[in-house]
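Structural overview
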Amino acid sequence: MKTNEFADMQKELERYFDRLWPICRSLTGNGVRESLDILSEIVPMQIHEILTGTQVLDWTIPNEWNIDEAYIITPDGKRIADMQVNNLHIVSYSTPVESKFTWEELAPHLHTLPSMPDAIPYITSYYKENWGFCISHSEWQSLPREGTYQVVIKSTLQAGHLTYGEAILPGETTEEVLFSTYICHPSMANNELSGPLVQAFLYHELAKLMHRKYTYRFLFIPETIGAIACLAQHGETWKNNLKAGFVLTCVGNEAHFQYKRSRRGNAITDRITEHILHHFAPNAVIQNFAPDGSDERQYCSPGFNLPVGSLMRTPYYQYPYYHTSLDNKEFVRFSAMEGTVLMYRKIVEALELEGYYVNTKPYGEPQLGKRKLYPDTISTEFKRDYLDTLLYLLNFSDGEHSLLDIAIKRGKPIFDFAEPLRKCMECGLIKSK
Amino acid sequence: MKTNEFADMQKELERYFDRLWPICRSLTGNGVRESLDILSEIVPMQIHEILTGTQVLDWTIPNEWNIDEAYIITPDGKRIADMQVNNLHIVSYSTPVESKFTWEELAPHLHTLPSMPDAIPYITSYYKENWGFCISHSEWQSLPREGTYQVVIKSTLQAGHLTYGEAILPGETTEEVLFSTYICHPSMANNELSGPLVQAFLYHELAKLMHRKYTYRFLFIPETIGAIACLAQHGETWKNNLKAGFVLTCVGNEAHFQYKRSRRGNAITDRITEHILHHFAPNAVIQNFAPDGSDERQYCSPGFNLPVGSLMRTPYYQYPYYHTSLDNKEFVRFSAMEGTVLMYRKIVEALELEGYYVNTKPYGEPQLGKRKLYPDTISTEFKRDYLDTLLYLLNFSDGEHSLLDIAIKRGKPIFDFAEPLRKCMECGLIKSK
Amino acid sequence: MKTNEFADMQKELERYFDRLWPICRSLTGNGVRESLDILSEIVPMQIHEILTGTQVLDWTIPNEWNIDEAYIITPDGKRIADMQVNNLHIVSYSTPVESKFTWEELAPHLHTLPSMPDAIPYITSYYKENWGFCISHSEWQSLPREGTYQVVIKSTLQAGHLTYGEAILPGETTEEVLFSTYICHPSMANNELSGPLVQAFLYHELAKLMHRKYTYRFLFIPETIGAIACLAQHGETWKNNLKAGFVLTCVGNEAHFQYKRSRRGNAITDRITEHILHHFAPNAVIQNFAPDGSDERQYCSPGFNLPVGSLMRTPYYQYPYYHTSLDNKEFVRFSAMEGTVLMYRKIVEALELEGYYVNTKPYGEPQLGKRKLYPDTISTEFKRDYLDTLLYLLNFSDGEHSLLDIAIKRGKPIFDFAEPLRKCMECGLIKSK
């Protein structure tokens, strides 16, 4: 895709979704590389590779895992749990196996969800060597308890690399805004193809902005270990220059927005996002930070305590299909993903507008008429609303109230202040703090 | 009026209302002077005159405007829009005109209110030279569209003075309490003959107080430019010595009180007023400061940020008759004006009582019995309420809680503490901080 | 009682109640000594005696009062108001009298409760020399108005001592937790035999704790003057070393708990108690401090302002039987007293657990797996609840959030954190601040 515009964002989202869906992603390995290659068509990203064994904070980069085939042959010769059919069948990071087993030997390696008998669960064993298969509980019930099962797992687990992608949209300052999503989940839709897809298209939207005060960094990383690795590299810098940040996850289904605050709770990330939701998505749910969920756990660990929140649709633990084969294309809507892209863009626009300004004539009201800022006084029909916005701007631009503070006082979106602000700055009534 | 008492405040209010009503007041000119002369019968005030062209903060004192006659002769010889009939007919600060006009030429100078066809709107053009007439929309509809209209405006707009009145009630300290109202509106009742009338009678009430801790300043000024002029003179001093202040406007109709907070939001002005309303006018509405309305916009401009609020009845924008000929004697009640005077007096009494006091025996409870402060212990019927008030006073008079803080903790009016406070001070258990 | 365990706390509470009930206690005197002797069987306490006339803060230790007999012989020869029958009949601190009176002379010395005609009121006259009798209003109505009444009060009121008991349970530090109750009330049950009984059995419970961070002080004192005397001695020290304190009063009837906050309102006493009640007695009522009630008035006087609250059942002024003969064994429940003992023990356990801890690996999440802190990842059935508690503990143990703060954030009892805390401290992930 080389054009600068998506004629129809939803169709494009679906097209990329369909291409990314079948790839068997994991924490490391060629599935990640292949996925990043596809996303690079939208986001010109730099691909980083970190060597197995590298120490990152309290963690160590694990072995790289790759897999070609995985299936079970039942005693009656049926091939089941074939990762060619659904890559959730193989427990991620399974060690290689080619051997025969009785039912009793095989059973501890089979995982099902009795409560959702048609769903295949999603299981990983990244940091403990093991192997296993995930199947639906109904299939599990039909398997013969006697006879010999043949297990084939053609995987490798050996020194290699952890791979992630990074893109930068430079701005006027080195203050950064971070967007972080993860690319380690195999074939699931809300959690998690929606995150990388929305983040890629958000990059595309923000690249179009004429003017950017902040520098925008986009990370496409494996969950947890990827965030840990990036914090090992940038964490200390971010403590000083990270203006705001967001973890993009679970942003694909049709549901009201949910915003999970940063650990700080009142970071500009939180205040701007809640302001935008208040005006443009009043049904949104706001939750306090909890050290669960996704990579906000890392960004908001107490040593860093970064201003990172997460605007989601239906989050991880709140839907029963989470981490199962039922979190699929049926469950998501490309219109919802587009809506998420546009809401994040609004947040960025507000963040770019926000700032501290100072009224240069703070003693009494400045005379608006002589500066042609006052609506024609002869008319009783002038726009009181516009005048009030202007008066709020002048009265509260004292260097202690930011534009967002003033908008909240006024009960109107921050965007309403853009034009009065521009006019007042042009005639020198207001300057940046 | 030379006696010290109004036998019947409501009748007196009406008598002064009737005398002030027909005068054609504006920002400047003889209407203002005549009105201040009448109010001087109640309030012995000093009249100030500021020269046209004087620079006051960001503003310049405008030309003085005076007017003798203004009317239109219709093509069929009828005299309409005659300011002798209703002085709202002439747009305030209209330049002199004696000339003939076609309907097309005249039309841009005629102002009506289509939404209230029987009302004459109130229009000014202080800072932009122009002329015009205000008439009811029904009259406007009946005017012939053909023929010649004759316009007569015998006005002068030339260098002169801006006039305002000021009265001081001295107190023990130079800390000031400000009352400010405006005398620039022609024949309207709630906004604004009620303000100067209530303020004049409030002066009369406060003059009767035996003891005043604070110095009280009463300003009768033209709106906006008058406040700007007074701020130019006193603003810097007020930053240090203004204890509290109130803008008196829209205080004349029968409606629950509305209190508009100062910009600070928690100034003593706000806290005392809200405390008094809570106990004595529990239906009152409390609103946050907004930089609209009247002269609180100037007093609360960010460079001064004075503790000035406004206790009103139905404020400016909240009634449809605002700034029309229907804001007349029918719309107001002299009982409501008297009630406003008395509520402001209560606020002043509370403000005079408020302060920081210190329990001189703060270690354990002082023994009340030996100081004859304890109700007779032999009786189970003693006034627990009185005792509790006394114990709250002693326990919280630690120099960090003011009397108002203690009253709020206790959930009772500050006045309940007056007698225990006096008794404790007499026996030395409590002293001023 | 020499064993270390009460097989049945309720039966023991009743046994001690029955022994303490008939004793005629007052501010001073042998009734107090006798009661403390009995309580010493449970609490090995030191008995203190302070000389009459000793100055304590603003007060003076009064004369000691002892009494042998008190009754009235009616004109028709009936013995009434006999303190042998009910020791509420005699006004506490009555001076000696052996004399004859007409009805008119006697009447001012008779006290009744017309609103509860069968109840004998409880009256004292500690600090004003006087004498009197309390009888039921129905008996008062039946007394002859003619003839001669003979009054006998064999009391002594002379220099002696004020007596109180004190017990200490030492802990690792000299930081103290105070429990204070009063032993000056004659035969009443909720207010006040429940206080000394519950406090004695609470001592017994806390003595069993293997480990105590704090030193626990238990005071059994006469109300007001006893607290004043102890403050005179320890008040200045307590300002520095009192971690928490409680006044035990009105803890004996069957009713939801009521907690009255300390004057500070957010002392650790308040926060821990409210946390425990929130989880284990959700119907409890929380009230702000008021300078009435019992000895919290003294401990929370402004000069000391100690972190002393009071967990009660139905407090003093809230039940009609308060300070009457109807506050008797019928009105209380020994199961309620046991419940109060156990709730106070829970509060102490929480207080002992509370503290500031620091995550030693605050940069990103520490890797739980390698420390065997992570529940088996292969199972989807692991205890998310346990993991979340652990993650909250690690994330918020930043030296600024105490364990209680973290428990409140998590919405779970502080006790849930005990095991994760122990495990994390064992592997060095968390240390005390």
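Counting restarts for each chain: residues are numbered from 1 in the order of the written sequence. Labels are handed out in written order, letters beginning with A for the chains and numbers beginning with 1 for the ligands. It should be noted that, the model being predicted, local features are given only for residues of pLDDT at least 70 and side-chain atom pairs only at 80 or more, the latter also being counted only at that level, while totals for whole chains, interfaces and linings use all residues.

Each helix and strand in chain A was counted, giving 12 helices and 19 strands. Dimensions along the principal axes, computed over C-alpha positions, put chain A at roughly 95 × 45 × 40 Å. With C-beta atoms placed from the backbone, a residue is buried if 20 or more other C-beta atoms are within 10 Å of its own, exposed if 12 or fewer are, and partly exposed between those counts. Out of the 433 residues belonging to chain A, those deemed buried represent 47%. The contact criterion used here is simple: two residues whose C-beta atoms, placed from the backbone, lie within 7 Å are in contact. The long-range share in chain A, meaning contacts at least 24 apart out of those at least 6 apart in sequence, stands at 80%. A run of DSSP states H or I qualifies as a helix once it reaches four residues; a run of E qualifies as a strand once it reaches two. Both are numbered from the N-terminal end.

Residue and element names in this part refer to chain A. One open sheet accounts for four strands, arranged 5-4-9-6; its pairing is antiparallel. Each having just a single partner strand, strand 5 (79–80) and strand 6 (97–101) make up the two edges of the open sheet. In this sheet, strand 5 lies alongside strand 4 (residues 64–73) in antiparallel orientation, the contact comprising two bridges. Within strand 5, the residue paired with Ile73 across the bridge is Arg79. When DSSP finds at least two bridges between two strands, those strands are taken to pair.

Another point: the relation of the copies chain A and chain C. Once chain A has been moved 0.3 Å along the axis and rotated by 120°, it coincides with chain C to within an RMSD of 0.1 Å. The two molecules are tied by a three-fold rotation axis, judged by turn and shift. Within chain A, the C-alpha atom positioned nearest to the axis of rotation is that of Asn266 of chain A, 13 Å from it. For the least-squares superposition of copies, only C-alpha atoms count, and only for residues with pLDDT at least 70 in both.

For the rest of this paragraph, the subject is the pairing of strand 12 (residues 215–221) of chain C. Side-chain direction in a regular strand flips from residue to residue, so the side chains alternate between the two faces of the sheet. Residues and elements named next belong to chain C. A large share of strand 12 lies buried, amounting to six of its seven residues. Strand direction decides the pairing type here: strand 10 (residues 161–169) and strand 12, joined by five bridges, are antiparallel. Paired with Gly165 across the strands is Phe220, a residue of strand 12. The sheet contact formed by strand 11 (residues 176–182) and strand 12 spans seven bridges and is parallel. Following the sheet pairing, Leu178 is matched in strand 12 by Arg217. Crossover handedness is defined by viewing with both strands directed away from the observer: a clockwise path from the first strand over the helix to the second marks the crossover as right-handed. In the classification by handedness, the crossover that spans strand 11, the intervening helix 5 (residues 194–207) and the parallel strand 12 is right-handed.

Between chain C and chain B, the contact holds 22 residues from the first and 17 residues from the second. Going through the elements one at a time, helix 6 (225–241) and helix 8 (296–299) of chain C are the ones with two or more residues in the side of chain C that touches chain B. A per-element tally of the side of chain C that touches chain B places helix 6 of chain C first, with three residues. In this classification, Asp, Glu, Lys and Arg are treated as charged, Ala, Val, Leu, Ile, Met, Phe, Trp, Tyr, Cys and Pro as nonpolar, and every other residue, Gly included, as polar. The residue makeup of the side of chain C that touches chain B, split by class, is 10 nonpolar, eight polar and four charged.

All names here are of chain A. Two elements, strand 4 and strand 9 (residues 149–158), share nine bridges in a ladder whose sense is antiparallel. Across the sheet, the residue bridging to Glu64 is Gln158, located in strand 9. Relative to strand 9, strand 6 is paired through five bridges, and the arrangement is antiparallel. Along strand 9, the bridge assignment pairs Val97 with Ile153.

Let us now look at the environment of Ala70 of chain C. Residues and elements named next belong to chain C. Along the chain, the position of Ala70 falls in strand 4 (residues 64–73). The class of Ala70 is buried, set by 24 C-beta atoms lying within 10 Å. Setting aside residues no more than four positions away along its own chain, Ala70 makes contact with Met83, His89, Ile90, Ser94, Val152, Ile153 and Lys154.

A separate point is the sheet that holds strand 13 (residues 242–247) of chain C. Strand pairing in a sheet relies on backbone hydrogen bonds, with the paired strands running either antiparallel or parallel. Residue and element names in this part refer to chain C. A sheet is described by the order of its strands in space; here eight strands give the open sequence 1-10-12-11-13-16-14-15, paired in mixed fashion. Sheet topology places strand 1 (46–51) and strand 15 (285–287) at the edges, where each strand pairs with a single neighbour. If you compare each strand with its neighbour and ignore which way they point, the axes differ by 20° on average. Packed onto the sheet, helix 5 meets strand 10, strand 11 and strand 12 and runs at close to 150° relative to strand 11. Axis lines are fitted through C-alpha atoms, for helices just across the contact stretch, and the angle between N-to-C directions can take any value from 0 to 180 degrees.

Moving on, we come to the interface of chain A and chain C. If you look at the interface, chain A gives 22 residues, while chain C gives 17 residues. Looking at the side of chain A that touches chain C, the elements that each hand over two or more residues are helix 6 (225–241) and helix 8 (296–299) of chain A. Looking at the side of chain A that touches chain C element by element, the count peaks at three residues for helix 6 of chain A. Looking at the side of chain A that touches chain C residue by residue, the classes come out as 10 nonpolar, eight polar and four charged.

Attention now goes to the domain arrangement of chain A. How big an interface is tends to be stated in terms of accessible area lost as the parts join. Residues and elements named next belong to chain A. Residue ranges assigned to the domains are those given by an automatic or database domain assignment. On domain assignment, one finds that chain A holds domain 1 (9–62 + 161–353), domain 2 (64–158) and domain 3 (356–432). For domain 1 versus domain 3, the distance between C-alpha centres works out to 36 Å. Between domain 1 and domain 3, the residue contacts involve six residues of the former and seven residues of the latter. Those elements that provide at least two residues to the side of domain 1 that touches domain 3 are helix 7 (268–280) and helix 9 (334–353). Taken together, the residues of the side of domain 1 that touches domain 3 break down into three nonpolar, two polar and one charged.

This part covers the environment of Ala407 of chain B. Residue and element names in this part refer to chain B. In this fold, Ala407 is placed in helix 11 (residues 403–410). Overall, Ala407 belongs to the buried group, with 25 C-beta atoms counted inside 10 Å. Each C-alpha atom of the pair Ala407 and Phe417 lies 7.6 Å from the other, and the pair is 10 residues apart in sequence. Not counting the four nearest positions on each side in its chain, Ala407 is found in contact with His275, Lys412, Pro413, Ile414 and Phe417.

Now for the packing of helix 7 (residues 268–280) of chain C against helix 11 (residues 403–410) of chain C. Residue and element names in this part refer to chain C. The interhelical angle for the contact between helix 7 and helix 11, taken along N-to-C directions, is 35°, at an axis separation of 11 Å. When the axes of helix 7 and helix 11 are compared, the crossing they make is left-handed. Residues Arg271, Ile272 and His275 of helix 7 pack against Leu404, Ala407 and Ile408 of helix 11. When the residues that make up the contact of helix 7 with helix 11 are grouped by side-chain class, the tally is four nonpolar, one polar and one charged. A clockwise turn of the near helix away from the far one marks a right-handed crossing, whereas an anticlockwise turn of less than a right angle marks a left-handed crossing.

At Lys372 of chain A, a position not held by glycine, the phi torsion is positive, near 55°. Here Lys372 of chain A lies in the loop between strand 17 (356–359) and helix 10 (384–396).

The subject of this paragraph is helix 2 (residues 30–39) of chain A. Residues and elements named next belong to chain A. Within helix 2, burial applies to Gly31, Val32, Ser35, Leu36 and Leu39. With its buried residues spanning 130° around the axis, helix 2 presents them on a single face. In this fold, the buried residues of helix 2 make contact with helix 1 (9–20), strand 1 (46–51), strand 10 (161–169), helix 5 (194–207) and strand 12 (215–221). Summarising the geometry, the arc corresponds to the directions from the helix axis toward the C-beta atoms.

Now for helix 11 of chain C. Residues and elements named next belong to chain C. Of all the positions in helix 11, only Leu403, Leu404, Ile406, Ala407 and Arg410 are classed as buried. Along helix 11, the residues classed as buried sweep out an arc of 160° about the axis, all on the same side. Here the buried face of helix 11 lies against helix 7, helix 9 (334–353), strand 17 (356–359), helix 10 (384–396) and strand 18 (398–402). Following helix 11 by one or two positions, Gly411 adopts a phi angle in the positive range, close to 75°.

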